[in-house]
Amino acid sequence: MFDTFPLWPARASTTAGSVDALYIFLVALAAFMSVSIFIMIVVFATRFRRRKGVQAEQIEGSTPLELTWTVIPLGIFMVIFVWGAVIYFRERTPPRGATEVYVVAKQWMWKLQHEEGQREINELHVPVGRDVKMIMTSQDVIHSFYVPAFRMKQDVLPGRYTTAWFRATRPGTYHLFCAEYCGTMHSGMIGQVVVMEPAQYEAWLGGGAAMGSLAANGESIFQQLGCSTCHRFDTQGRGPNLAGLFGKPVQLEDGRTVVADENYIRESILSPAAKIVSGFKPIMPVFQGLVSEEQLSALVAYIKSLNQPPAGAAATPSLLPGTKPQQPKVQ
Amino acid sequence: MATGEVVHVHAAPQGFIRKYIFSLDHKVIGLQYYFLALTAVFVGMFLSLLMRVHMIWPTAVLPLVGEIKPETYLSLLTMHGTIMVFFVLTTAPQGGFGNYFLPIQIGAPDMAFPVLNMLSFWTTFVAFVVLLAAFFVTGGAPLHGWTGYAPLSALTNAGPGQQLGADLWITSIAIFCIASLMGALNFITTTLDLRAKGMTMMRMPLTCWAWFITAILGLLAFGVLLSAGILLLLDRNLGTSFYVPLVVVNGQIMGHKGGSPLLWQHLFWFFGHPEVYIAILPGMGVASQLLSTFSRKPIFGYKAMVYAIMAIGFLGFMVWGHHMFMSGMSPYSAFAFSLMTMAIGVPSAIKTFNWLGTLHKGRIRFQTPMLYAIGFVSLFVSGGLSGPFLAQPVLDIPLHDTAFVVGHFHLIMGVAAIFGMFAGTYYWFPKMFGRMMNETWGRVHFFITLAGTYCIFMPMHYLGMAGQPRRYSQFTELAYLQHLIPLNTFITYAAILTIGAQFIFVINLFWSMFKGPKSSDNPWEATTLEWTTATPPPHDNFGGRTPVVNHGPYEYSVPGAPRDFVMQTDPASVRTH
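Basis of the calculations
Residues numbered from 1 in each chain as written. Chains lettered and ligands numbered in written order. Predicted model: local features only at pLDDT ≥ 70, side-chain atom pairs only at ≥ 80, totals over all residues. Helix = DSSP H or I, 4+ residues; strand = E, 2+ residues; numbered from the N terminus. Rg over C-alpha atoms; globule rule 2.2 N^0.38 Å. Buried ≥ 20, exposed ≤ 12 C-beta atoms within 10 Å, placed from the backbone. Contact = placed C-beta atoms within 7 Å. Domains from an automatic or database assignment. Nonpolar A, V, L, I, M, F, W, Y, C, P; charged D, E, K, R; others polar. Pairing = 2+ DSSP bridges. Axes fitted to C-alpha atoms, helices over the stretch in contact; angles between N-to-C directions. Expected span 1.5 Å × (residues − 1). Parallel < 35°, antiparallel > 145°, perpendicular 65-115°, else oblique. pLDDT = per-residue confidence, 0-100. Left-handed = near helix turned anticlockwise from the far one by under 90°.

So, on to the overall build of chain B. The number of helices and strands found in chain B is 16 helices and four strands. The C-alpha atoms of chain B give 24 Å as radius of gyration, which agrees with the globular expectation for 577 residues (25 Å, within 12%). Across the 577 residues that make up chain B, the buried fraction comes to 61%.

Let's shift gears to the overall build of chain A. When you go through chain A residue by residue, the secondary structure sums to six helices and twelve strands. In chain A, the share of contacts with a sequence separation of at least 24, taken over all contacts with a separation of at least 6, comes to 66%.

A few words on the domain arrangement of chain A. When the parts of a complex come together, some accessible area is lost, and that lost area is often taken as the interface size. All names here are of chain A. Looking at chain A, the domain boundaries give domain 1 (99-208) and domain 2 (214-305). Computed from C-alpha atoms alone, the centre-to-centre distance between domain 1 and domain 2 is 26 Å. Taken together, the twelve residues of domain 1 in the interface contact nine residues of domain 2. With three residues, the single largest contributor to the side of domain 1 that touches domain 2 is strand S2 (residues 109-114).

To continue, consider the interface of chain A and chain B. On the chain B side, the residues contacting the 73 residues of chain A number 83 residues. At the level of secondary structure, the elements contributing two or more residues to the side of chain A that touches chain B comprise helix H1 (16-47), helix H2 (63-92), strand S6 (143-147), strand S7 (152-156) and strand S9 (172-178) of chain A. Taken together, the residues of the side of chain A that touches chain B sort by class into 42 nonpolar, 18 polar and 13 charged.

Our focus in this paragraph is the sheet that holds strand S8 (residues 162-167) of chain A. Paired through backbone hydrogen bonds, the strands of a sheet run either parallel or antiparallel to each other. All names here are of chain A. Pairing is mixed across the open sheet formed by five strands, whose spatial order is S3-S2-S1-S5-S8. Lying at the two open borders of the sheet, with one neighbouring strand each, are strand S3 (119-121) and S8. The average undirected angle you get between the axes of adjacent strands in this sheet is 25°. Two elements, strand S1 (residues 99-106) and S2, share six bridges in a ladder whose sense is antiparallel. By the bridge assignment, Tyr102 is partnered in S2 with Gln113.

All names here are of chain A. With mixed pairing, the five strands of this open sheet are ordered in space as S4-S10-S9-S6-S7. The outermost strands of the open sheet, each flanked by one partner alone, are strand S4 (123-127) and S7. In this sheet, neighbouring strand axes are inclined to one another by 20° on average, regardless of whether the strands run parallel or antiparallel. When S9 meets strand S10 (residues 191-196), the two strands line up antiparallel, connected through five bridges. If you follow His175 over to S10, its bridge partner there is Gln192.

Along the chain, Met40 of chain A turns up in helix H1. Here the alpha-carbon distance between Met40 of chain A and Ile76 of chain A, two residues 36 residues apart in the chain, equals 21 Å.

Residue and element names in this part refer to chain A. Within S8, five of the six residues are buried, which leaves it mostly tucked inside the rest of the structure. In this sheet, S8 lies alongside strand S5 (residues 131-138) in antiparallel orientation, the contact comprising six bridges. The partner of Met136 across the bridge, within S8, is Thr162.

A few words now on helix H6 (residues 293-305) of chain A. Residue and element names in this part refer to chain A. Under the 1.5 Å per step criterion, the end-to-end length of H6 is 18 Å for 13 residues, consistent within 8% with the ideal 18 Å. Along H6, ten of the 13 residues are buried, which leaves the element largely enclosed by surrounding structure. The complete set of buried residues in H6 reads Leu296, Ser297, Ala298, Leu299, Val300, Ala301, Tyr302, Ile303, Lys304 and Ser305. Against S1, S2, helix H4 (214-224) and helix H5 (262-270) lie the buried residues of H6.

Once that is clear, we can look at the environment of Thr90 of chain B. Residue and element names in this part refer to chain B. Along the chain, the position of Thr90 falls in the loop between helix H3 (70-89) and helix H4 (91-106). A tally of 26 C-beta atoms within 10 Å means that Thr90 is categorised as buried. Remark: the alpha-carbon pair of Thr90 and Met45, spanning 45 residues in sequence, is separated by 16 Å.

This brings us to unusual backbone geometry. Residue and element names in this part refer to chain B. In this structure, the amide linkage connecting Ala150 to the following residue, Pro151, adopts the cis form with an omega of 0°. Its place among the elements puts Pro151 in the loop between helix H5 (114-133) and helix H6 (164-193). For the bond from Thr535 to Pro536, the omega torsion is -15°, close enough to zero to count as cis. Of note, Pro536 is situated in the segment after helix H16 (485-515). Positive phi is not limited to glycine here, since Asn541 has a value of about 75°. When you line up the elements, Asn541 lands in the segment after H16.

Residues and elements named next belong to chain B. One way to put it is that helix H8 (residues 263-295) packs onto helix H9 (residues 302-315) with a least axis distance of 11 Å and a crossing angle of 175°. Viewed along their axes, H8 and H9 adopt a mutual orientation that is roughly antiparallel. Counted together, Tyr277, Leu281, Met284 and Ser288 of H8 and Met305, Ile309, Ile312 and Gly313 of H9 form the full contact between these two elements. For the contact of H8 with H9, a count of residues per class yields six nonpolar, two polar and no charged.

A few words now on the confidence of the model for chain B. Residue and element names in this part refer to chain B. Across chain B, the average pLDDT comes to 92, with 98% of residues at or above 70. Residue range residues 1-6 is modelled with pLDDT below 50. Its contacts to residues more than four positions away, or to other chains, number eleven contacts. Two summary scores accompany this predicted model of the complex, namely pTM at 0.91 and ipTM at 0.89.

The next point concerns H5 of chain B. All names here are of chain B. Counted at 1.5 Å a residue, the expected span for H5 with its 20 residues is 28 Å, and the 29 Å between its end C-alpha atoms agrees. Listed in full, the buried residues belonging to H5 are Pro114, Asn117, Met118, Ser120, Phe121, Thr124, Ala127, Phe128 and Leu131. For H5, the elements touching its buried residues are helix H2 (26-56), H3, H4 and H6.

So, about the pairing of S1 of chain A. All names here are of chain A. By the criterion of burial, S1 is predominantly enclosed, with eight of the eight residues buried. Here S1 shows no split at all, with Thr99, Val101, Val103 and Ala105 on one side and Glu100, Tyr102, Val104 and Lys106 on the other all buried. Here S1 runs beside S5; their pairing, made up of seven bridges, is parallel. Considered in S5, the bridge of Glu100 is made with Lys133. The loop that links S1 with its antiparallel partner S2 comprises two residues.

Quick look at the packing of helix H11 (residues 368-384) of chain B against helix H14 (residues 403-433) of chain B now. All names here are of chain B. Orientation of H11 relative to H14, taken along the N-to-C sense of each, is 170°, at an axis distance of 8 Å. Taken together, the axis directions place H11 and H14 in an arrangement best described as roughly antiparallel. The element H11 and its partner H14 pack so that their crossing is left-handed. Packed against H11, whose contacting residues are Thr368, Pro369, Tyr372, Ala373, Gly375, Phe376, Leu379, Phe380, Ser382, Gly383 and Gly384, the element H14 presents His408, Leu411, Ile412, Val415, Ala416, Phe419, Gly420, Phe422, Ala423, Tyr426 and Tyr427 at the interface.

Let us look at the confidence of the model for chain A. All names here are of chain A. Summary statistics for chain A give a mean pLDDT of 85 and a share of 90% for residues scoring 70 or more. Below a pLDDT of 50 lies the segment residues 1-5, which in the model reaches three contacts outside its immediate sequence neighbourhood of four places, other chains included. Low pLDDT (under 50) marks residues 310-331, which in the prediction has 32 contacts with non-local residues, meaning those over four places away or in another chain.

With that settled, consider the domain arrangement of chain B. Residue and element names in this part refer to chain B. Segmentation of chain B into domains returns domain 1 (29-261), domain 2 (286-515) and domain 3 (518-577). Computed from C-alpha atoms alone, the centre-to-centre distance between domain 2 and domain 3 is 31 Å. In this assembly, 15 residues from domain 2 lie in contact with 13 residues from domain 3. Elements with a contribution of two residues or more to the side of domain 2 that touches domain 3: H8 and H14. In terms of residue class, the side of domain 2 that touches domain 3 is made up of eight nonpolar, three polar and four charged.

Inspection of the secondary structure puts Thr162 of chain A in strand S8. The exposure class assigned to Thr162 of chain A is buried, which follows from the 23 C-beta atoms found within 10 Å. The sequence separation of Thr162 of chain A and Ala28 of chain A amounts to 134 residues, and the corresponding C-alpha distance is 34 Å. In this structure, Thr162 of chain A is in contact with Met136, Gln154, Asp155, Val156 and Leu157 of chain A together with Gly328 of chain B, ignoring residues within four places of it in sequence.

Rendered as structure tokens:
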């Protein structure tokens, strides 16, 4: 429905349909309300014009009426709220096994890295029908990743990761905007998302894969920076063993427990003293300013890849028949 | 509490400077605020005209600014927003009309603190001068938007205008906050302490309730913005890192680290959302006052109207997060902010329906002030109904930072509030200047402005859904937005027409001030205290008398009364209810 309706941008993601349904409902409601109110104003204005010898009625108010127009709007608003909340919750919960794309925004450019190692600028290639999770950060001011056809927008902040996900439903080229005002050339910070058939996508992936996967890249940075001298996998090192860390709760020295997500790993690399793991000493050097955002993305991808189940164990079941989540290579 | 024995502390001043420049008289100060806002609105409108022209003819060379570069466009939108929000929407409804009419309507000889009152006007004036100075410094005016999001606003090398221009912008806002805090204190004290004998809180006109609640909002909101602004100045000039994490700009690592880029947004919107109500509540008060007066009927549900103003003010402080749904907040916080935002629609609905109830079975007199009051209701409805869209995080995702939002807030916060000011101007002009404004030109002005406003802002909702982002200095070359250019051109023409029509208002205003027909003391046959005194009111408002209030503010068409209105000071022997 409404796919060829010129009022809308193309609808090319799984959430776009439910977002538009709520939108259409609200447009209808708003149109109904404003038309009825305007009709009432016009009718009252003509019927109750000033006339000679006729006085207005002295009506001070009416509690039943006022209660009616308090309770009915409240009810309608609550219905809208629940409806919107259900869609929103789904949209904010990335499905398991989504392909991950790391995004670094800067004035005035989008830099994207695929798990497989491909790098792109102002362009993102994705296959149709696969969940894609974006892990995004900015190296300067706030930007926002906005693809109207996916009904998707997410601010991209410096100093932390924000995430968003989508599953494209039809091949095509869709416009990408920066939506958070970011300075002089804000209107030039645009690009496109190219949605391809899976076979075409595999061909595209193969075409540019000269470098290794993002996780492999991260592993070599891990070695270069000397992280492996303390974070060992064979014996207990001076730092925690990172294998299987991602997504697990971590007991901290000060008694708190936090979940090791992307932001936790990021913070622990840049300013390790912020959260000390229980049983360890705050001896790790600060890497703030020493690693670039791209290197950080690779390190995060590498540490996540250490969660890989041992060979033979069942992988995360894929959500769509015919698509398989791309797993980073095991080292 | 209200007492009958108010002593008027200062004598009527002689001499031009003490009488008209550094005056302690709330009426003169009110007019000063009004004319400051009138100046500001023309500056702001001119900037918006330049923007609209640039959007359609990007290569056009324009008067005063020459060819518009991206940074010129961005500084235009920054200055337009700042001037309009602070120096028009905050200044005229509260500082202007509130200052002039709050003391008279509650039967007081002046504000509680006349010197503070004078000080708050002149502080506002300084803030305005400092802001305009940003146009003339090296690099020009700032381009961080009226919302001044950090880190963009905190980095001095983030673009032209981000050096001295941005410092002047923040300084101006900080000075403005101080002025508004002083003003708010004065309004609250005056309302609580200087009411005339018999003027209970529940006998106050709804205008006074609106100014009172607005002052409370101002007291709570401007303090937060002031401190946020000071932190921003520190980040920019003393190397602190409240708002800036480690960032790399132009390939160079900046000296900041560890700051939160979201802290500014929280502090700003904690001020910014109540600011919407600071702009609109006085307009609601004026609309209520006028709908009742010109329908010759009591306001429908006076108590509900008072409670609705209170509820809007209270809830207004709990919804700031709906400006930040995109910032990566937890979905649970988003739900809380969304729920509160939907809830604020309820008192707004109550007000709308009570206004309609006021019209019902009235005997409506369609004079210009009434047209503007009805126009206010119309804009409040059409601007308000797009609110529930943006209150839904899931719809805010596609609509945030697009033209939809621009259309929404201009209708509800911009033009609706301005219609409140027009209504107030046409209504109180006879009391302020002793003459009537021209009725015919008033109507012409009304119909062009109303139609023009809808032509400008309604299509923006569609543009937003179609994906046109806001704050884009250049979009005519984007293939994706090509099909939206005709509609944008239409908006620009509508804007030119509507802005042109405002000269009708200004000419009418100044012509009538000197040449308009003389007005009686109560030309609209209204009931509140300002219509009981001389025109224009004497220095102490009531010429040595202290009014005694016997009736509520909206006693129209009382059965058995000699006239169709009972003034608040009429003898208690007239039975109302």
